[in-house]
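# Examining the three-dimensional arrangement
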Amino acid sequence: LDISDPDLENVMADVASEIDFFVLENRKNTFGRQEKTLLEKISKRYPILLSFGFEEFSPTEWLKNFTLSGFALKGSPEETVGLKDFTDLADILEDLEVE
């Protein structure tokens, strides 16, 4: 689901009993006051896996500020057939690492 969808809360309410988690994306690639308020509200009500915003905030910052169930991570596109760069994922996982 997209956080910028004006009907997001209604869609979530309609299907909440049928799912385990909502994967939340951000196609507009902006995270302002409106999106922050909405995420605060829906993350208290529904299990959210966040799939955006790792450029703006570290995963631990997201977890400190919102009630999230986790993250939905994606790798980068293949650079060449069979070759991928996992540097971004490694940075995210390193931030979450507990010693």
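Residues numbered from 1 in each chain as written. Predicted model: local features only at pLDDT ≥ 70, side-chain atom pairs only at ≥ 80, totals over all residues. Heavy atoms only, no water.

### Quick look at the packing of aromatic side chains
The full count for this structure, using the stated rule, is 8 aromatic pairs. Look at Phe52 and Trp62: their rings are 5.8 Å apart centre to centre, the planes differ by 75 degrees, and that puts the pair in the edge-to-face class. You can see Phe52 sitting in the loop between strand E2 (48-50) and helix H3 (59-65) and its partner Trp62 sitting in helix H3, a full 10 residues away along the chain. (Phe/Tyr/Trp six-rings, centres within 6.5 Å; stacked < 30°, edge-to-face > 60°. Helix = DSSP H or I, 4+ residues; strand = E, 2+ residues; numbered from the N terminus.)

### Description of the sheet that holds strand E3 (residues 70-71)
An order of E1-E2-E3 is seen for the 3 strands of this open sheet, with the pairing classed as parallel. Two strands close off the open sheet at either side, each with one partner strand: strand E1 (22-24) and E3. One ladder, built from 2 bridges, connects E2 with E3; its direction is parallel. The residue of E3 that forms the bridge with Leu50 is Phe71. Contacts from helix H2 (residues 33-45) reach E1 and E2, with the element oriented near 135 degrees to E2. (Pairing = 2+ DSSP bridges. Contact = heavy atoms within 4.5 Å. Axes fitted to C-alpha atoms, helices over the stretch in contact; angles between N-to-C directions.)

### Focus on the nonpolar core
Counting 17 residues, the largest nonpolar core has Leu24, Leu39, Ile42, Ile48 and Trp62 as the members making the most contacts within it. When contributions to this core are tallied by element, the ones reaching two or more residues are helix H1 (8-15), E1, H2 and E2. Beyond its immediate stretch of four places on either side in the chain, Leu24 contacts Leu1, Asp2, Ile3, Leu8, Leu39, Ile42, Ile48, Leu49, Leu50, Ser51 and Phe52. (Core = buried A, V, L, I, M, F, W, Y, C linked by side-chain atoms within 4.5 Å. Buried < 20%, exposed > 50% of the residue type's maximum accessible area, 1.4 Å probe, protein only.)

### Section: the layout of surface pockets
In this model, the largest pocket occupies a volume close to 470 Å³. Surrounding the largest pocket, 20 residues form its lining, Ser51, Phe54, Glu55, Lys74 and Ile92 being those nearest its centre. Ranked by the residues each element gives to the lining of the largest pocket, the list is headed by helix H4 (residues 87-96), at 4 residues. Here the second largest pocket is characterised by a volume of approximately 210 Å³. In terms of lining residues, the second largest pocket is bounded by Ile3, Ser4, Asp5, Pro6, Asp7, Leu8, Glu9, Asn10, Lys28, Gln34, Glu35 and Leu38. Only H1 and H2 provide two or more residues apiece to the lining of the second largest pocket. Each residue belonging to the lining of the second largest pocket can be placed in one class, and the counts come to 4 nonpolar, 3 polar and 5 charged. (1 Å grid on protein atoms, 1.4 Å probe; cavity = no way out; pocket = protein on both sides within 12 Å on 5 of 7 lines; lining within 4 Å. Points joined across faces, edges and corners; volume = space filled by probe spheres on them. Nonpolar A, V, L, I, M, F, W, Y, C, P; charged D, E, K, R; others polar.)

### Some words on the packing of H1 against H2
The contact between H1 and H2 brings their axes to 12 Å, and the two run at 5 degrees. Relative to H2, the element H1 lies roughly parallel. The residues of H2 that touch H1, namely those facing Leu8, Glu9 and Met12, are Leu38, Lys41, Ile42 and Arg45. Counted by class, the contact of H1 with H2 contains 4 nonpolar, no polar and 3 charged residues. (Parallel < 35°, antiparallel > 145°, perpendicular 65-115°, else oblique.)

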